[in-house]
Each structure stands twice: as C-alpha cells, then as structure tokens.
Amino acid sequence: MENKRVYFDNAATTMVDRRVLEHMLPFFSEHYGNASSLHLEGIKAYQVVEWSRNQLAQLVQAQPEEIYFTSGGTESNNFAIKGLARSSKKRHIITSPIEHPAVLKTAQSLAREGFTLSFLPIDNKGIVKVEELESMITPNTLLVSVMLGNNEVGTIQPLKELSLITRSKGVLLHSDAVQAVGNMPVDVKDLGVDLMSISAHKFYGPKGIGALFVRKGTNLLPLLDGGEHEQGKRSGTYNTPGIAGLGKACEIALQEMDEFVPRISTLRDDLINKILHQIPEAYINGDLKNRLPGNVHLSLPYVEGEALLLRLDDAGFAVSTGSACSAHNLKISHVLKAMSTDVLCAQGSLRISLGRHNKQEDIDAFVQVLADVARDLRQMSPLYRASKEGDRHV
Ligand SMILES: *Cc1c(COP(=O)(O)O)cnc(C)c1O
C-alpha cells in the first residue's frame with residue numbers, strides 16, 4: 001500500500017482541478033482547430049479563447065481587451081518589463097529586492113543594457129516601504145514593479161498605496177500577481193496597477209499558460225515577432241487546451257472564492273499557532289496580517305533546511321525550503337536576506353503552502369511530525385548542543 005501523501009507546496013504549483021481537466025480535454029482531440037482559422041473547427045477553438053478571456057477579465061475586474069495570453073508568469077513578467085523598456089525613452093526602473101527571479105533577472109538584464117535600477121527597501125516583515133517611493137522617482141523613471149503576494153514569505157504588498165504615488169508621478173506600475181490571482185480577491189481597478197502578471201498553474205489550472213493584464217492605452221512592444229496574435233502583441237498559435245483550462249480555473253475561483261479563502265486562512269492561522277506553541281524557538285517569517293491565505297513560513301534555529309525537508313518528505317509531507325526556484329543551491333534566500341533575518345535561522349527555514357485540498361487533519365498530523373523531526377535534528381546539531389550547554393552555565 002502506498003503511504004498517504006500530504007501536499008503542502010501549493011505555492012510551487014497546484015493540482016489541476018478535475019473540472020479544469022474535463023474542460024480542456026475536447027480541445028486536444030475534438031475541437032483541435034487553429035483558433036485563427038475561419039472554418040468551424042477554428043471557430044470552436046476561437047470561442048473558448050474568448051470565453052476564457054472573459055472569465056479572467058471578470059476574475060480581476062479588467063476589460064477582456066486588456067488580457068493577453070502568454071505561456072505563464074515568467075513570460076508575462078518579461079513581456080511587461082522588457083516590452084515597456086523597449087517602448088520608452090526613459091531609462092530608470094524601480095523594483096523590490098524580494099521579487100521572483102522572473103522580475104529580478106529581467107530587471108538585471110535591462111541593467112546590463114544600460115538601464116538604471118533602484119530597489120525599494122523592505123522592512124523586517126517583508127513589506128516594501130511605501131514612504132520611500134516618492135523620493136526615488138525621477139523624470140527618467142519608466143516603471144515601478146512590485147509583486148502582490150510574495151512567493152516565499154507570503155507577504156501582501158501595499159499596491160494600492162504604491163499606485164497612488166505612481167499615478168501622481170506619471171510612472172507605470174507593474175505587479176507580479178502570480179501567487180495572488182485565483183487564491184484571493186484581486187481587482188486591477190482597486191489596486192491601480194497598469195500591468196499585472198498571472199499564471200494558471202498556481203490556482204488549479206495547467207502549467208505553461210498565463211496572461212498579462214495591460215491597461216488600455218499602455219504602450220507595450222511585443223517580445224516575439226510572428227503571426228500578430230493577441231492584437232499584434234503576442235504571436236504564436238493559441239494554446240487552446242491551456243487557455244480553456246485557465247478560463248475554467250478562473251470560473252471556479254470566481255464561484256468558490258468566498259468559501260475557500262476563509263477556510264484556507266483559518267487552517268493557516270491554526271498551523272501558525274500550533275507551530276508557535278509546540279515547537280520550541282520556532283518563529284514565523286513575514287507579516288501575520290498581510291499574508292497570502294495559504295502561506296506559512298517559519299524558521300527553526302539550529303536545524304538545516306534541506307535535512308528537515310527530506311525527513312518530512314519521508315514522513316509523507318511535501319513542503320519547500322524557502323523558494324522552489326532556489327532549492328537546489330544552498331545559498332540563503334534573497335527574500336530573507338532583504339528582510340535581514342539572521343543567516344543561521346534562514347538555513348532552517350520552511351515554506352508550507354496550503355491549498356484547497358488540505359484538511360484540518362493534515363495540519364494536526366504535520367505539527368506532530370514536525371515537532372519530532374525538529375527535536376531529532378537538533379539533537380544532532382553541535383551548535384544546538386553548545387547553546388544548551390551555554391544555558392546550563394548561566
Ligand atoms: C510561479 C511564479 C512565477 C512564475 O510563473 P510560471 O508560470 O511558472 O512561469 C512568477 N512569479 C511568482 C510570484 C511565482 O510564484
């Protein structure tokens with residue numbers, strides 16, 4: 001018999017919802033036409049593309065013409081930042097030190113081409129210091145790019161406040177909202193963003209499909225030259241099954257958000273409380289209030305993160321150390337570094353990202369195992385033993 005697995009890595013990717021999969025299937029084999037073709041097969045494909053565009057527009061309160069389909073969050077971030085950079089004479093970009101690599105590395109690649117980069121400082125809870133923005137903006141500033149929900153420590157950034165400043169200064173605001181869209185309410189009008197990146201596989205849709213919201217009237221050059229799909233801004237034959245899946249994931253999120261957001265947030269808070277009460281010296285990174293519904297990020301001093309992850313995996317729990325994208329190099333996470341969390345503790349940090357399928361019993365079982373594994377690993381840590389010796393002599 002296979003051991004029961006509990007999946008707590010929904011920030012890395014989610015399971016495709018059964019209903020999403022069912023909705024996608026006909027577009028592989030039955031309605032396989034090219035959405036740009038004028039015959040019946042093409043029209044069937046085109047219809048689902050436009051239906052999905054409408055679902056996504058509704059989910060984020062945009063107009064359908066403001067949605068451009070892409071291959072996912074990484075492309076959307078590249079498209080937004082490079083597309084703007086190429087369309088303007090301004091040469092200064094402001095971002096934050098806790099962005100996803102798809103934003104950070106894009107900005108750094110523009111810096112090598114001669115752009116100037118500035119980083120909005122963040123506080124030790126992992127939230128950008130809004131009050132610093134205004135004085136950083138110059139007449140040469142093109143864009144401010146700040147994510148909505150952080151993929152490591154789960155902080156929700158004050159986009160609305162940032163947008164009041166960017167608006168008043170005539171600067172564009174982009175947000176990587178990949179962790180947030182489909183997992184909490186997101187409204188582009190309320191946030192005041194001009195561009196926003198979205199990815200289906202972070203909210204129970206398929207991998208390899210996403211979108212960029214571009215506010216009407218924003219001048220953006222394409223990354224890809226080709227057949228002029230998507231109002232000439234994103235060429236390439238439509239990924240109709242993927243787009244159908246994205247649309248269905250949006251429809252489900254719209255219908256069920258009122259139920260799953262409070263449910264997952266309650267599980268998250270329960271897990272946080274149990275960790276703080278049952279695991280000595282554990283602490284929670286990020287902000288307890290402005291936090292993605294499913295994110296728990298903790299540090300365990302004197303425990304090595306990778307060892308912890310592997311022991312938990314053996315016990316049936318899939319979690320992450322910091323960010324999945326940096327899991328294979330043991331460097332300290334750029335997010336924790338920017339928050340000036342001390343290096344020893346950052347070594348033993350763990351991200352537990354809850355999803356729609358997790359249950360109370362998963363949380364309870366997890367805390368038990370985590371407490372045991374943490375105790376075990378600490379027994380093996382010379383640093384931990386030294387610290388306890390120290391205590392005894394005081
Ligand atoms: C996952 C993720 C991305 C990348 O999205 P893909 O669709 O996997 O390319 C970008 N930004 C954030 C915040 C993410 O969590």
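Basis of the calculations
- Residues numbered from 1 in each chain as written.
- Predicted model: local features only at pLDDT ≥ 70, side-chain atom pairs only at ≥ 80, totals over all residues.
- Heavy atoms only, no water.
- Near = heavy atom within 4 Å.
- Polar contact = N/O pair within 3.5 Å; in protein donor to acceptor, adjacent residues only side chain to side chain.
- Areas by Shrake-Rupley, 256 points an atom, 1.4 Å probe, with all protein chains shown as cover.
- Nonpolar A, V, L, I, M, F, W, Y, C, P; charged D, E, K, R; others polar.
- Buried < 20%, exposed > 50% of the residue type's maximum accessible area, 1.4 Å probe, protein only.
- Helix = DSSP H or I, 4+ residues; strand = E, 2+ residues; numbered from the N terminus.
- Pairing = 2+ DSSP bridges.
- 1 Å grid on protein atoms, 1.4 Å probe; cavity = no way out; pocket = protein on both sides within 12 Å on 5 of 7 lines; lining within 4 Å.
- Points joined across faces, edges and corners; volume = space filled by probe spheres on them.
- Domains from an automatic or database assignment.
- Core = buried A, V, L, I, M, F, W, Y, C linked by side-chain atoms within 4.5 Å.
- Contact = heavy atoms within 4.5 Å.
- Buried area = accessible area lost by both parts, 1.4 Å probe.
- Axes fitted to C-alpha atoms, helices over the stretch in contact; angles between N-to-C directions.
- Parallel < 35°, antiparallel > 145°, perpendicular 65-115°, else oblique.
- Left-handed = near helix turned anticlockwise from the far one by under 90°.
- Expected span 1.5 Å × (residues − 1).

### Here we look at the site of the ligand
Next, step 1: Contacts to the ligand come from 13 residues, most closely from T74, D176, Q179, S199 and K202.
Next, step 2: Between the ligand and the protein, one listed contact pairs an oxygen atom with a side-chain N or O atom of S199 at 2.6 Å.
Next, step 3: K202 is positioned with one of its side-chain polar atoms (N or O) 2.7 Å from an oxygen atom of the ligand.
Next, step 4: For the ligand, whose unbound accessible area comes to 390 Å², protein coverage reaches 88%.
Next, step 5: Looking at the shell around the ligand, its residues break down into 2 nonpolar, 9 polar and 2 charged.

### Some words on the pairing of strand β8 (residues 210–214)
Next, step 1: Counting buried residues along β8, 5 of its 5 residues qualify, which places the element largely inside the surrounding structure.
Next, step 2: Because side chains alternate across β8, one face comprises the buried residues G210, L212 and V214, and the other comprises A211 and F213, equally buried.
Next, step 3: As judged from the 4 bridges shared by strand β2 (residues 67–70) and β8, these two strands associate in the antiparallel manner. If you follow Y68 over to β8, its bridge partner there is L212.

### Description of empty space enclosed by the protein
Next, step 1: One pass over the structure, following the stated rule, counts 3 cavities of 30 Å³ or more.
Next, step 2: Roughly 170 Å³ of volume is contained in the second largest cavity.
Next, step 3: For the second largest cavity, the lining is made up of 16 residues, of which N10, Q179, N183, G294 and L354 are closest to its centre.
Next, step 4: In the lining of the second largest cavity, the residues fall into 7 nonpolar, 8 polar and 1 charged.
Next, step 5: When residues of the lining of the second largest cavity are sorted by domain, at least three fall in each of domain 1 (6–12 + 257–392) and domain 2 (18–253).

### Thoughts on unusual backbone geometry
Next, step 1: For Q231, which is not glycine, the phi torsion reads 55° and is therefore positive.
Next, step 2: Within the secondary structure layout, Q231 lies in the loop between β8 and α9 (240–278).
Next, step 3: With relative accessibility at 55%, the residue Q231 sits in the exposed group.
Next, step 4: One non-glycine residue with positive phi stands out, namely E281, at about 65°.

### Focus: the nonpolar core
Next, step 1: Grouped together as the largest cluster of nonpolar side chains are 92 residues, with contacts concentrated most on M196, F203, L298, I352, F366 and L370.
Next, step 2: With 14 residues, α9 is the largest single contributor of residues to this core.
Next, step 3: Residues lining this core come from more than one domain, with at least three contributed by each of domain 1 (6–12 + 257–392) and domain 2 (18–253).
Next, step 4: When sequence neighbours within four positions are dropped, the list of residues in contact with L370 reads I275, I279, L298, L300, L308, L312 and L350.
Next, step 5: Membership of the second largest hydrophobic core comes to 16 residues, among which are A80, F115, L142 and L212.

### Considering the domain arrangement of the chain
Next, step 1: Split by domain assignment, the chain resolves into domain 1 (6–12 + 257–392) and domain 2 (18–253).
Next, step 2: Each of domain 1 and domain 2 has a C-alpha centre, and these two points are 29 Å apart.
Next, step 3: Where domain 1 abuts domain 2, roughly 2500 Å² becomes buried across the two surfaces, and 59% of that area is made up of carbon and sulfur atoms.
Next, step 4: Applying the counting criterion to the domain 1 and domain 2 interface returns 11 residue pairs in polar contact (both at pLDDT 80 or more).
Next, step 5: Of all the secondary structure elements, the ones that give two or more residues to the side of domain 1 that touches domain 2 are α9, β10 (295–299) and α11 (334–338).
Next, step 6: Counting residues per element, the side of domain 1 that touches domain 2 draws most heavily on α11, at 4 residues.

### Points about the sheet that holds strand β5 (residues 141–145)
Next, step 1: Read from one edge of the open sheet, 7 strands run β2-β8-β7-β6-β5-β3-β4, paired in mixed fashion. Edge positions in the sheet fall to β2 and β4 (116–119), since each has one partner strand and no second. The mean angle between the axes of side-by-side strands here comes to 20°, regardless of whether they run parallel or antiparallel.
Next, step 2: Relative to β4, strand β3 (residues 92–95) runs parallel, the two being bridged by 4 bridges. Its bridge partner being in β4, I93 is matched across the sheet by L117.

### Focus: the packing of helix α10 (residues 305–314) against helix α13 (residues 360–379)
Next, step 1: Orientation of α10 relative to α13, taken along the N-to-C sense of each, is 135°, at an axis distance of 10 Å. In terms of orientation, α10 and α13 fall into the oblique class. When you trace α10 past α13, the crossing you get is right-handed. Contact residues: A307, L308, R311 and L312 in α10; F366, V369, L370, V373, D376 and L377 in α13.

### Re helix α4 (residues 73–87)
Next, step 1: With 15 residues, α4 ought to run about 21 Å at 1.5 Å a step, and its terminal C-alpha atoms sit 21 Å apart, in line with that.
Next, step 2: Most of α4 is tucked away, with 11 of its 15 residues classed as buried.
Next, step 3: When we look at burial in α4, the residues that qualify are G73, E75, S76, N77, N78, F79, A80, I81, G83, L84 and A85.

### Some words on the pairing of β5
Next, step 1: Burial within β5 is extensive, with 5 of its 5 residues counted as buried.
Next, step 2: Examined bridge by bridge, β3 and β5 share 4 bridges and lie parallel to one another. Its bridge partner being in β5, I94 is matched across the sheet by V144.
Next, step 3: Sheet topology note: the β5/strand β6 (residues 172–176) ladder contains 3 bridges and is parallel. Bridge pairing links V144 to L173 in β6.

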